[in-house]
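Summary of structural features
Each chain, letter by letter, is given below.
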Amino acid sequence: MEQKNIQPALFSPSRPFGQTLSFSIQAGRKAEDLLDTISGCFDPDQDLIGLGEPLLRLFPRSVPGLSTFPSLSGTGFSIPATQEALWILVLGKDRTEVFDRTRVLTSVLEHVLALRDTMETFVYDGGKDLTGYIDGTENPPEEDRPAVALLDGDEGLAGSSFVAVQRWEHDLTHFRSRSSDEQDAIIGRHRTTNEEMPEAPPSAHIRRSARESFSPPATLFRRSMPWARGDRQGLEFIAFSRSLSAFDRILRRMAGLDDGIPDALFSFSRPVTGGYYWCPPMRNGRLDLSWLRPE
Ligand code: HEM
């Protein structure tokens, strides 16, 4: 799928290694300098860039539909918001490529932005979550992804997307202490066959998140990647959509805020970051930021 006004990493085939970076704005920096620095360092071959509300609020024109990530509480767990000004996903065929690109990016951006968080990500066992379940089965088919993920409308907005980014930390020791039937009931699929469980309990993740559970349907294009650092690990959940309300509605239902039934995922995993970002479109091989600074 190649469309010239879309950041290519949005739809490109997955690459085995990644790194997420999020930044806040250094005090006193001018809005124009920030945009020039960000667009100047963007490499469409490796980077996917999203701008958060703290950055976009520096401009008189807002991006319709963008909000700040909400902080929520469920029964016995919290869902934190760690909204930053800029989020970048660097992708590569190996760690060398990701490392080298990240060094270049951070050395340019450090003049105007402060690096707040980084996480190395990777494709695990051909596209599974670290629990061993295939992640992405019910993603929309390729031909439907632009309609799910891309904004249309005026130049400067068309071809852009919203991304929800949420790091989950798994307690794999606890997960693996459960029987395989219990594990399947948490996800709602059989790990060995990837078949959906018709008898999955209402707390099963797929029962909480399936698009048909929402009216209007809530559809995301998910491109999550596992992460592991020292003895901690989990999933860097990354999902694109033309409207952040799709993610918001699914998350609230997962938290049990609709009907009091929390997602069984919370029995072994918990969210530790959360941010919403606007991924601008492209024009002539560069980020198109004309929506923020119309001529
Ligand atoms: C610990 C974090 C998470 C894990 C390990 C996880 C894993 C999975 C797995 C294994 C599936 C089944 C296969 C598939 O269709 O991809 C799935 C489905 C899905 N997940 Fe998650 N997920 C997580 C968090 C989330 C979050 C935060 C959301 C959105 C707010 C979400 C939305 C969905 C959706 C929409 C589906 C498809 C459901 C269907 O139509 O059957 N997931 N996830």
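One structure accompanies this document, and this report is about it. Since the structure is predicted, the reported quantities are computational estimates derived from the model, not experimental observations.

Cut-offs and rules
Residues numbered from 1 in each chain as written. Predicted model: local features only at pLDDT ≥ 70, side-chain atom pairs only at ≥ 80, totals over all residues. Heavy atoms only, no water. Phe/Tyr/Trp six-rings, centres within 6.5 Å; stacked < 30°, edge-to-face > 60°. Helix = DSSP H or I, 4+ residues; strand = E, 2+ residues; numbered from the N terminus. Buried < 20%, exposed > 50% of the residue type's maximum accessible area, 1.4 Å probe, protein only. Donors = N, O, S within 2.8 Å, 3.2 Å for Na, K, Ca; no water. Near = heavy atom within 4 Å. Polar contact = N/O pair within 3.5 Å; in protein donor to acceptor, adjacent residues only side chain to side chain. Nonpolar A, V, L, I, M, F, W, Y, C, P; charged D, E, K, R; others polar. Contact = heavy atoms within 4.5 Å. Core = buried A, V, L, I, M, F, W, Y, C linked by side-chain atoms within 4.5 Å. Salt bridge = Lys/Arg side-chain N within 4 Å of Asp/Glu carboxyl O.

1. Notes on the packing of aromatic side chains
The relative placement of two aromatic rings is captured by the distance of their centres and the angle of their planes. Per the counting criterion, the structure on display carries 10 aromatic pairs. Aromatic side chains Tyr133 and Phe175 sit 6.4 Å apart centroid to centroid with 80° between the ring planes, which places their arrangement in the edge-to-face category. Pair noted here: Tyr133 is in the loop between strand E6 (113-122) and helix H4 (145-149) and Phe175 is in helix H5 (residues 172-177), with a separation of 42 residues, a long-range link. By relative accessible area, which is 0% here, Phe175 ends up buried. In textbook terms, an aromatic cluster arises when at least three aromatic residues are bridged by ring pairs, as seen for Phe69, Phe237, Phe247 and Tyr276.

2. Overview of the coordination of the iron atom of the ligand
The sole protein-derived ligand of the iron atom of the ligand is His205 (NE2), positioned 2.0 Å away. Here His205 lies in helix H7 (residues 205-209).

3. Description of the site of the ligand
In the vicinity of the ligand there are 26 residues, among which Gly136, Thr137, Glu138, His205 and Arg222 approach most closely. At 2.5 Å, a backbone N or O of Gly136 approaches an oxygen atom of the ligand. Interatomic distance of 2.8 Å between a backbone N/O atom of Glu138 and an oxygen atom of the ligand. If you list the elements that add at least two residues to the shell around the ligand, you get strand E7 (161-170), H7, strand E10 (232-241) and helix H8 (244-254). No other element matches H8, which puts 4 residues into the shell around the ligand. Here the shell around the ligand is composed, by residue class, of 14 nonpolar, 7 polar and 5 charged.

4. A short note on the side chain of Ser24
Within the element layout of this structure, Ser24 appears in strand E1 (residues 17-25). On the basis of relative accessible area, Ser24 is assigned to the buried category, the value being 13%. Within polar-contact distance, the side chain of Ser24 engages the side chain of Arg116 at 2.7 Å. Residues contacting Ser24, with those up to four places away along its chain left out, are Glu84, Ala85, Leu113, Ala114 and Arg116.

5. A short note on the nonpolar core
Considering soluble globular proteins, one finds that nonpolar side chains tend to be buried as a cluster. Counting 60 residues, the largest nonpolar core has Leu51, Trp278 and Leu292 as its most contacted members. For this core, the element with the most residues is H8, which contributes 6 residues. Ala9, Leu91, Phe221 and Ile238 belong to the second largest nonpolar core, which has 19 residues in total.

6. Comments concerning the pattern of salt bridges
Counted by the stated rule, this structure contains 23 salt bridges. Across the salt bridge formed by Arg57 and Glu53, the nearest N and O atoms sit 3.5 Å from each other. Looking at Glu53, the relative accessible area reads 15%, which means it is buried. Through salt bridges that share partners, Glu138, Arg189, Glu196 and Arg207 make up one connected network.

7. Examining the environment of Thr75
Position of Thr75 among the secondary structure elements: in the loop between strand E3 (72-74) and strand E4 (77-79). For Thr75, a relative accessible area of 71% translates into the label exposed. Put simply, Thr75 and Gln46 are 29 residues apart on the chain and 40 Å apart in space, counted from C-alpha to C-alpha.

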